Every structure is written in structure tokens, then in C-alpha cells.
Amino acid sequence: METHAFQAETQKLLDLMIHSLYSNKEVFLRELISNASDALDRRRFEAVSNPELASADDLAIELIANRIDRTLTISDNGIGMTKEDLVEHLGTIARSGTLEFLKKTDGGIDEAPDLIGQFGVGFYASFMVADEVEVVSRRIGEDKASRWTSHGAGEYALGDAERDEAGTTIKLTLKPVDGDAGVSDFCDEWIVKNVVKKYSDFVGYPVKLTIIEEAAAPPAVEGEDEVIDVTPSGPTEREVEEPLNSMKAIWTRPESEVEDLEFDEFYKHITHDFQEPSLRVSTSIEGTFEARALLYIPSKAPFDLYHRERLQNGVQLYVRRVFIMDECRELLPEWLRFVRGVVDAEDLSLNVSREMLQQDRQIQAIRKHLVKKVADSLKKLSKDDADAYRLFWAEFGPVIKEGLLDFEEKKGRILDLLLAPSTSDDTSLTSLAEYKERMPEDQDSIYYIAGPKLEVLRRSPHLEAFKEKGIEVLFLTDAVDEVWVGQGPIDFKELPFKSVGHGEVELGSDEDKEKAKEDLEKKEEDFANLLGAMKSAIEDDVKEVRLSSRLKSSASCLVLEDGDLSPQLEAMLRQAGQEIPERKPILELNPDHAVVTALGKRFETNPTDARIKESTKILLGQAILAEGGQLDDPVGFAELVNQLMAETL
Ligand code: ADP
């Protein structure tokens, strides 16, 4: 045997495990059974393409509880591991969830025992209950086995071993029973049976149990004086007759007969998530294609939700109760990539490949059904439990909105799920239906303002006229928002989305609009020469300088023409390597603002006064800053302001 040091993170995790006060230590068994079940799945999958090598009809998980040695052994005849696999999987931490877990446990596990509950720690959980762990594994197709042993302190030993067939055996030398620390007697028949039933009932392979114990002494017979030999007569081995688990595919059982806890455990089993899911969706598809699905929405977004290649996602595909593949992405669109669960199709071939799935009409029909079902369930959640829905939206809202970019999706269905902050309330979010409900009768659009920072948007000059008229404006702050509102006309129940920073504003009744327009035209005439002079002062930066009816308290703002891309979206597209033609904004002025009227007066006295040019630059700078934008020449701007201050102070 040769010894190897654990990777630093692994050692840290092991220390946490060994000294953990986490009381729910029995979960180690769920972890090991779940790993064994995964290994059996992988073997069965391998057998589809390589039957000679991998097929076996007695796939099972065997537990041996040895009460004499106080060991518990978990054995599977699954895919097995090579020596390199052992080093890679059991000496280092590959799972980013676990690394995340470590970051959060800086203060030691006892300050936050819940964290074990939140992040799976898999195999290493064994060290919560065992002083020593031995793994003997033989990979399918290899004739040699390897042994890995460790006390969990600093290093592990690695060497060659014998094993009759492919698979993995994990032997735990159990810690002494300690009720206070949650270390039960994990080689007790009743305890093992209960733990398996509780966490692993639905595992698709039989979990068998053998008990090794001292044979019981013969019972003392009353009335006899003969000395009875009470020395044990040696170990006996007894196999519990029935498998400990029912193995019933949970999705085939009537929902009313399955307890919520079982559904949750199943979710944890397939996802390795330690938290309860936030929503469960079960559905069956009948008709030409038959299938059943049991889907879940996690309560927390995985940290790699936006790293598509890295994300563990999609659902498991089964065909007639036989596991076919993990992460079957074809069954759900990208914007539902966080949905996990199982789909069991009746009419697919058992050796269906990923490539075939993309073309398969049945898969497409199932996918359509699932999208509708998930969207309906979310809609229902938003009605039944607004708080829970809000939590869901906070985690997954931006991903749901990606669906609006998918040409094949029904946009209405997705917009129905949307929540956004708005000017109507500082703290809560609104749905579009609620927004519509509150709209004045003559309002014909849904107004929004988009940008990355909510606080900046809330104070935007663009909102002034809307606030004055009591018209609600939505705040769209996710990066994806700029894209879906920018990609072309989109409407919700025939109400088009309209940006408050694009084009002209026309609010109120037809009469109001007409009157506002006339007013503005008249003022434009009065200001025409000034506007011309201002335009030539900042010609390089703006397309036009005009008067505005959208401003009430601010002096200036920048607007875009209808159809123009927002600056953020432009920047995004440029970053993505697209050629975007240069586009200049329009500077709008508030004709009733003291600065603008004073500027008008000065222009009348002296149209070539240098102050006019300088003030124009300041007004432009203010408008850029109010949007949360950046000035091209911040130092020049500060100089202009200082000069002005020096003159007035
Ligand atoms: P997880 O199972 O969540 O990936 P673990 O720490 O429990 O994390 O296991 C790490 C890896 O070790 C597994 O992903 C798998 O590749 C391998 N492994 C663990 N147990 C077994 C087993 N019984 N048979 C084959 N491989 C296993």
C-alpha cells in the first residue's frame, strides 16, 4: 500500500465530518446507497451498448451488518472504479457544491450544522459514523481491483486488491454508539432497516441486508441445576429475506399514496440536493404517446445556472421504468433548465441515443406537454402562495425571461409568470395582470424603463411626467430584459411594451395629447434658435436637441428614437462581437425649468455668449449621469461646474 495526502479542501471537509455535531448522521447511508445506485445505473447503461461486458441480471446493493466486528459494509456490482478513479473521486473534491459548502463553513460545522443538510457531502459523510473506511473497487472490464483506506486524517492508503467481480465494496468500521452525538447503532438490524426505508425506498435496485452476530446462547431451562455453557457458539450469518426497499418507481404510484417526505427524498436522491424542492409537478401524458413525469423545482438556483456547459441539469429519462440517461436536455427548453426530475416514456426504444432524441416526435410532444404543465403549475403557485412564488422568481426569474427570446415559445405564457418592481410600490413586485388592472382607462401601453440599477431607475428623469399623471412604470433590471424588450414588438394581452426613454411621450386622453402637442410645438418655435445653437455646441454627441413634455423637475434627459437599442444592449452586443452602427441619443430639455428659461433669456441678449455652449455641455453631462451613464470627459465636466460655482459663490 502507498499513502497519499488528501487535497487540502478534502481534509478540511473530513475534519468537519469527523468532529461534526450534526445530529442527522444516518444520512451517510443514503449517500452510500445513492452512489451505489448511480454506479448500477451506469453499468446498466453501459450494457445497452456493450452487453457482453456489462450485462448482469442480478444488479443489487448488499449491506452486511457485522455486530461482532461492528462494521457495516455496502456493496454493489455496479460500474466500479479504477485506481485512478479512487484517487480522483475519493481524494479530491470535484463537486463545486461541496467547495461552496466549505466556503460557508469557515467558522466550523458546529456553528452551522444545517449546512450539511444544505449541501450534499456524499461519500465523505461516512466519516461522521466511521473511524475507518475501506473501499475495494473493480472497474468493469478490468481484472484488477484496488483498495483505498483512510481514517480521515491527512492521508489515505492505496493498493491492489482482489474482488471476484466488478463493483464496489465500502466497509465502515463504526464509531462507538453515542446517542448525544447522533451516532446510533448502525449495525443494528432494526436501525438499518428503518434508515433504508426512510431515505432509499424508491431506489430501483434491491437493497439486501445480512446480519452477522454471535449465535444466541441456548435459553436457560428453569429448575435445572446443571451449569449451562454461556460462551457464544460462534458467529452466525443471516440474510434478511425481503429487500429493505420497495423499489417501486415513485412516479408510478398514485400521488395520494405517496407521502410528501418520500417525494422530497426522491428529489434529493436524483439531484444530490440537500434542500427540499420548492415545487413538485407530476403529470401523465396520454394519447398517441404515453409518458409520466415527476418534476421538481429546486428551492435555490444552482450557482452554475448561467454556465450552461457546467450545469448539471435536465431530467432523467426512463423508458418503461428502465433508466436510460441523466441530464436529458431534449425534454425541456433552455429556459426551464433548472427543472429536475424524471420522465418515463412508454414507447421509446431502450437503446435510444441522444442524437435520436433531438429528432424524435415523441420527445417533442412530451416536451410541449411538460412546458405547459410547468408553466401552469407556476402560475397556480403564484395565485395560491404569492410569497413562495416570489422566492421562486427571485431565484429563477431571469432564466424564465430567457424564454421570451425563444421563437418557438408562447410569449403570453411566459409574460404571465413575470414579476417586476414598479413605480406603484417601493417594496413589492407586480405581475402584468395586476399592472393592467391598475391602468387608467385611456392607457394603451405597458410602460417600462430598463437598466441595470433599480435605484438609478427609480430616480430617472424619464419618469417625471409619468409620476405626475399617475401612470405606473415597470422597472426591468435584468440583463436579459434589455434583450427581450429590444428585439422587436412584444405585447401582453394586446398592450404593447413601451420604453419611457424612447420616442415621444404622449400621455392621457386624446384631447390631452393634442393639447400637449400644440403647447410643445409653440414652445419649440420660441426656442428654435436657442435649440439650434445648443445642437451645434454638442453636435458630436447628440442627434438633436429638443423640448420635452416628459420632464417636470429635471432640466434635461437623453432619449432614444423608437426602435433604437438601449446603450446597455448595444454594449452587450458589441461585446458579443456584433457590429453595431453608431447611434446618437436626443437631448431633451424641460422648457419650464429655471435653467432652461434663463438660458433662453441669455440667448436673447447675446446669442454668441460662451456661457450657452458651456451650459449645454453641463446639461448633457447631467442627463448622462442621471441615467447612471459615464461621461467621456469627467474632468472637463468638473471644470465647467467649478467655473460656474466660482462665478456664483
Ligand atoms: P457524488 O456522488 O455526489 O458525486 P461522492 O463524494 O459521494 O459525490 O462520490 C464521488 C464520486 O465517486 C462519484 O461521483 C462516483 O464517480 C464515485 N463513486 C462513489 N461511490 C461509488 C460507487 N459505489 N461505485 C462507483 N463509483 C462511485
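Residues numbered from 1 in each chain as written. Predicted model: local features only at pLDDT ≥ 70, side-chain atom pairs only at ≥ 80, totals over all residues. Heavy atoms only, no water.

## Here's the deal with the domain arrangement of the protein chain
Spelled out, the test is: For the domains described, the bounds stem from an automatic or database domain assignment.
As assigned here, the protein chain comprises domain 1 (10-217 + 231-239), domain 2 (250-390) and domain 3 (511-648). Taken over C-alpha atoms, the centre of domain 2 sits 52 Å from the centre of domain 3.

## Brief notes about the sheet that holds strand S22 (residues 556-559)
To be explicit about the condition: Here the rule is simple: two strands pair whenever DSSP picks up at least two bridges between them. Each helix corresponds to a stretch of at least 4 residues labelled H or I by DSSP, and each strand to a stretch of at least 2 residues labelled E; elements are numbered beginning at the N terminus. Think of each axis as a best-fit line through the C-alpha atoms, taken over the contacting stretch in the case of a helix, with angles from 0 to 180 degrees between the N-to-C directions. Residues are treated as being in contact if the distance between any of their heavy atoms lies within 4.5 Å.
What the three strands build is an open sheet, ordered S21-S23-S22; its pairing is mixed. Sheet topology places strand S21 (544-547) and S22 at the edges, where each strand pairs with a single neighbour. Each strand axis lies, on average, 30° off the axis of its neighbour in the sheet, ignoring direction. Inspection of the sheet shows S22 paired to strand S23 (residues 586-589) by four bridges, in the antiparallel sense. Across the sheet, the residue bridging to Cys 557 is Glu 588, located in S23. Here helix H17 (residues 510-537) sits on the sheet in contact with S21 and S23, set at roughly 150° to S21. Where helix H20 (residues 610-626) meets the sheet, it contacts S22 and S23, and its direction lies at approximately 65° from that of S22.

## Observations concerning the pattern of salt bridges
To keep it simple, the criterion reads: Salt bridges are counted wherever a side-chain nitrogen of Lys or Arg sits within 4 Å of a carboxyl oxygen of Asp or Glu. With a 1.4 Å probe rolled over the protein chains alone, any residue whose accessible area is under 20% of its type maximum counts as buried; one over 50% counts as exposed, and the rest are partly exposed.
Taken as a whole and judged by the stated rule, the model has 38 salt bridges. Residue Arg 280 pairs with Asp 260 through a salt bridge whose shortest N-O separation is 3.4 Å. Of this pair, Arg 280 sits in strand S10 (residues 279-285) while Asp 260 sits in helix H8 (residues 260-271), and the two are 20 residues apart along the sequence. Accessibility expressed as a relative area gives 27% for Arg 280, which makes it partly exposed. The salt bridge involving Lys 523 is made with Asp 592; its shortest N-O contact spans 3.3 Å. Of this pair, Lys 523 sits in helix H17 while Asp 592 is found in the loop between S23 and helix H19 (594-605), placing the two residues 69 residues apart along the sequence. Under the relative-accessibility criterion, Lys 523 is labelled partly exposed at 26%. One network of salt bridges, with partners in common, ties together Arg 30, Glu 31, Glu 265, Lys 268 and Glu 276.

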